[in-house]
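Geometric and topological summary
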Amino acid sequence: MKQMKNQKERSKADETKTEFGQEHREEELFYGEWTDLTGADLLREPETLYAYKRQGEYTLEDYYALPDDRRVELIDGVFFDMEAPGVDHQTAAMQIVRQLDEYIDTQGGSCMPFVSPIDVQLDCDDRTMVEPDVVLLCDMKKNAGRCIYGAPDLVMEVLSPSTFRKDQTLKLSKYRNAGVREYWIIDLKREKVTVYDFEHQKHPAIYGMDVPIPVGIYDGKCEIRFDRYFARMKMLNQG
């Protein structure tokens, strides 16, 4: 009987592997090249209790039960693995937050910028928890201590191979529907920034990184300059 039970458990685990490997098979266009992900960016825990849940069924209870060293996002009940950001990625995010903070301090503003990792319970439910690269929060009532509860005012994502498609499709839709006022997609490789002004329903604007980029929620009075980022990267690459 014990042997039959073990065989059934192995069978369930195999079915789960098939779910994650085939049902969620998708292709991603990254920098002009097609990459077959085969579910590689989805969380896979076939030997634990998570193996007996299907993608789309996970909740915040499962999210908080994961090991502290496991970086994931939970979107509509689906887990997505997140790679650790590279040096260029973090340098860009830190420089943006620094400039936002300088402007707010100078103007005596009440908003506050954050850099990843920071949890955002975007939909105020138990099925979505995202981790944007840069967040600007103006409504401090949304500060839940453990996370930001609800939509931030401004969200920025720095593209990487593992997030390229998700940032431009799934998260674009999620941020718009949740009430984010402005969304930036930052492409360091192409040196382009796409800005979505959801608040005014404007068409996305595309900027090169060789010009100051206006922050819409500050009516363009605050500008982000990427020359600081390039200066830091030049210094880092001299080693």
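Attention in this report is confined to the structure presented alongside it. (Residues numbered from 1 in each chain as written. Predicted model: local features only at pLDDT ≥ 70, side-chain atom pairs only at ≥ 80, totals over all residues. Heavy atoms only, no water.)

Further remarks concern the layout of surface pockets. Approximately 300 Å³ is the volume found for the largest pocket. Looking at the largest pocket, it is lined by 24 residues, and the ones nearest its centre are Pro85, His89, Val158, Leu159 and Ser160. Of all the secondary structure elements, the ones that give two or more residues to the lining of the largest pocket are α3 (87–107) and β9 (154–158). Taken together, the residues of the lining of the largest pocket sort by class into eight nonpolar, six polar and ten charged. (1 Å grid on protein atoms, 1.4 Å probe; cavity = no way out; pocket = protein on both sides within 12 Å on 5 of 7 lines; lining within 4 Å. Points joined across faces, edges and corners; volume = space filled by probe spheres on them. Helix = DSSP H or I, 4+ residues; strand = E, 2+ residues; numbered from the N terminus. Nonpolar A, V, L, I, M, F, W, Y, C, P; charged D, E, K, R; others polar.)

Ranked by size, the top nonpolar core spans 28 residues in total, and within it Ile96, Trp184, Ile186, Val193, Val215, Tyr218 and Phe226 carry the most contacts. Among the secondary structure elements, those contributing two or more residues to this core are α3, β7 (134–137), β9, β10 (182–187), β11 (192–197) and α6 (227–237). Element by element, the count of residues in this core is highest for α3, at seven residues. Dropping the residues within four chain positions of it, isoleucine 186 is found in contact with Ile96, Met156, Glu157, Val158, Leu159, Lys192, Val193, Met209 and Phe226. (Core = buried A, V, L, I, M, F, W, Y, C linked by side-chain atoms within 4.5 Å. Buried < 20%, exposed > 50% of the residue type's maximum accessible area, 1.4 Å probe, protein only. Contact = heavy atoms within 4.5 Å.)

As a further point, take the pairing of β11. Of all the six residues making up β11, five are buried; the element is thus mostly covered by neighbouring parts of the structure. In the sheet, β10 pairs with β11 via six bridges, with the strands oriented antiparallel. Within the sheet, the bridge partner assigned to glutamate 182 lies in β11 and is aspartate 197. Hairpin connection of β10 to β11: four residues between the antiparallel strands, including glutamate 191 at a positive phi of 55°. (Pairing = 2+ DSSP bridges.)

This paragraph deals with the state of the cysteines. For the structure on display, the rule yields one disulfide. Between cysteine 111 and cysteine 138 runs a disulfide, and the two sulfur atoms are separated by 2.0 Å. The disulfide joining cysteine 111 to cysteine 138 has a torsion of about 105° about its S-S bond and is therefore right-handed. Of this pair, cysteine 111 sits in the loop between α3 and β5 (112–115) while cysteine 138 sits in the loop between β7 and β8 (148–149), placing them 27 residues apart in sequence. On the accessibility criterion, cysteine 138 (23% relative accessible area) is partly exposed. There is no disulfide at cysteine 124, and the cysteine sulfur nearest it, in cysteine 147, is 8.8 Å away. (Disulfide = S-S within 2.5 Å.)

Here we come to helix α5 (residues 170–178). For α5, every residue scored as buried is listed here: Lys171, Leu172, Lys174 and Tyr175. One face of α5 carries all of its buried residues, which in axial projection span an arc of 165°. Those residues of α5 that are buried lie in contact with β3 (72–75), β9, α4 (164–168), β10 and β11. Glycine 179, located one to two residues past α5, shows a positive phi value of around 105°. (Arc of directions from axis to C-beta.)

Right, let's get into the sheet that holds β11. In spatial order, the strands read β5-β7-β9-β10-β11-β12; together these six strands make up an open sheet with mixed pairing. The sheet terminates laterally at β5 and β12 (205–208), the two strands that pair on one side only. Between one strand axis and the next, the sheet turns by 15° as a mean value, whatever way the strands run. Pairing geometry for β7 and β9, over three bridges, is antiparallel. Among the inter-strand pairings, leucine 136 is bridged to a residue of β9, identified as leucine 154. Contacting β5, β7, β9 and β10, α3 runs over the sheet at an angle of about 170° to β5. (Axes fitted to C-alpha atoms, helices over the stretch in contact; angles between N-to-C directions.)

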